Amino acid sequence: MMTTSRYRGRRQHLWLGLLLVLSGSGALADDDDGEKRIRPLNHAAWRQECSACHLAYPPQLLPAVSWRALMNGLGHHFGTDASLDPQQQADILRFLETNAGPSRGSKSGSPPLRITETRWFIHEHSEELPADSWQRPGVKSAANCIACHTAADRGDYSEHTLRLPR
Amino acid sequence: MRFMLTTVLLFLSASGHAETPADFEKQFANHAQQENPAFTGFSAEQGQRFYSSTHGKEWSCASCHGRTPTGPGQHAATGKTLAPLAPVANAKRFTRPDEVEKWFKRNCNEVLGRACTAQEKGDVLAYLLSVR
């Protein structure tokens, strides 16, 4: 891409990406600069409650059926108690369902409960990663997106903001 | 003006009243008295022991909130950086009854496999208020 047309080109890609997200055919806008963004959403309770222990994962990354299963099992949320009062739980679930992504295949075949189980996630993280990446003290877990995707809280998963901590 | 005041009051009642750590200490002391008529008060030293030890399960308070609660913690499962727990380092702590109730419910379940007693909560709070 020529430098002079780069900005306009990127904008076009972003719009295309946004269309893809809106049409439900892909959660991530992806252009040929390795630019990956998730349309930022805002919902106060979702942001506050879901970001207490981990990044508030974008609703687009799992289908509605997965969010329903997750939100109905918060008392045992991957081994921890993440229970909410029923009103707040219902409010957040409505938001997640409204903005949920397309159905995603998982290795087990059933609806994925972890984003990291989706074939999409596995594919996106299959290249150029040192073998110990997930175990590094600064990362600790694949749940910790922001350890490497330093602007993940703003929906920006582009390579410009990517760094692998020690 | 009256409208504004009403709006503010409505907002406060909907989001949980703002309180101070000392208010929670008083509330826990009232409950502790009810739980145990021989209650004599809270102990920061006892609270520190409670905070740092495991209680039959995998994690202690310190597993996520860090050995020194004036500094940031790191969630033991997800690795997320957590804001400090001690009010001296984080003015938001122990100011919202709904938050305090939610987290004690979850975390006592996590660390002890049961609800905490008022004595335990008060001891931990006394410890958190004693650190500088």
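Remember, it's a predicted structure, so these values are computed and weren't measured experimentally.

Draft legend 1. Here's a closer look at the pattern of salt bridges. If you walk through the whole model with that rule in mind, you get nine salt bridges over all chains. For E49 of chain A, the salt bridge identified is with K102 of chain B, shortest N-O distance 2.5 Å. Of this pair, E49 of chain A sits in helix 2 (residues 44–50) while K102 of chain B is found in helix 5 (residues 97–112), placing the two residues in two different chains. Two residues, R49 of chain B and E45 of chain B, come together in a salt bridge whose shortest N-O distance is 3.7 Å. With a gap of four residues between them, R49 of chain B and E45 of chain B both fall in helix 3 (residues 44–52), about one helical turn apart. Residue R49 of chain B is classed as partly exposed on the basis of its relative accessible area, which comes to 45%.

Draft legend 2. Structural view of the packing of aromatic side chains. All names here are of chain B. Applying the stated criterion across every chain yields a total of nine aromatic pairs over all chains. Geometrically, the ring pair formed by F24 and F94 is edge-to-face, given 6.3 Å between the ring centres and 70° between the ring planes. Placement of the pair is F24 in helix 2 (residues 21–35) and F94 in the loop between strand 2 (81–82) and helix 5, with a sequence separation of 70 residues. With a relative accessible area of 2%, F24 lands in the buried category. Overall, the relative accessible area of 8% leaves F94 in the buried class. Here the aromatic cluster, defined as three or more aromatic residues joined through ring pairs, consists of F24, F28, F94 and F104. A cation over a ring is seen here: R106 above W103, with NZ or CZ 4.6 Å from the ring centre.

Here is what the cut-offs are and how they apply
- In this numbering scheme, every chain counts its residues from 1 along its sequence in written order.
- Lettering for chains starts from A, numbering for ligands starts from 1, and both go in the order in which the items are written.
- The model is predicted, so local features are restricted to residues of pLDDT at least 70 and side-chain atom pairs to those at 80 or more, both for listing and for counting; the totals for chains, interfaces and linings are taken over all residues.
- Hydrogens and water are ignored here; the side-chain numbers use all heavy atoms of the structure.
- A carboxyl oxygen of Asp or Glu within 4 Å of a side-chain nitrogen of Lys or Arg is what we treat as a salt bridge.
- Where helices and strands are cited, they refer to DSSP runs of H or I of at least four residues and of E of at least two residues respectively, numbered from the N terminus.
- Relative accessibility under 20% of the residue-type maximum defines a buried residue, over 50% an exposed one, and the middle range a partly exposed one, all with a 1.4 Å probe and only protein chains included.
- The pairing test for Phe, Tyr and Trp rings, Trp by its six-membered ring, is centres within 6.5 Å, and the orientation test on the planes gives stacked under 30 degrees, edge-to-face over 60, and tilted for anything in between.
- Geometrically, a charge over a ring is one whose NZ (Lys) or CZ (Arg) sits within 6 Å of the ring centre while staying within 35 degrees of the ring normal.

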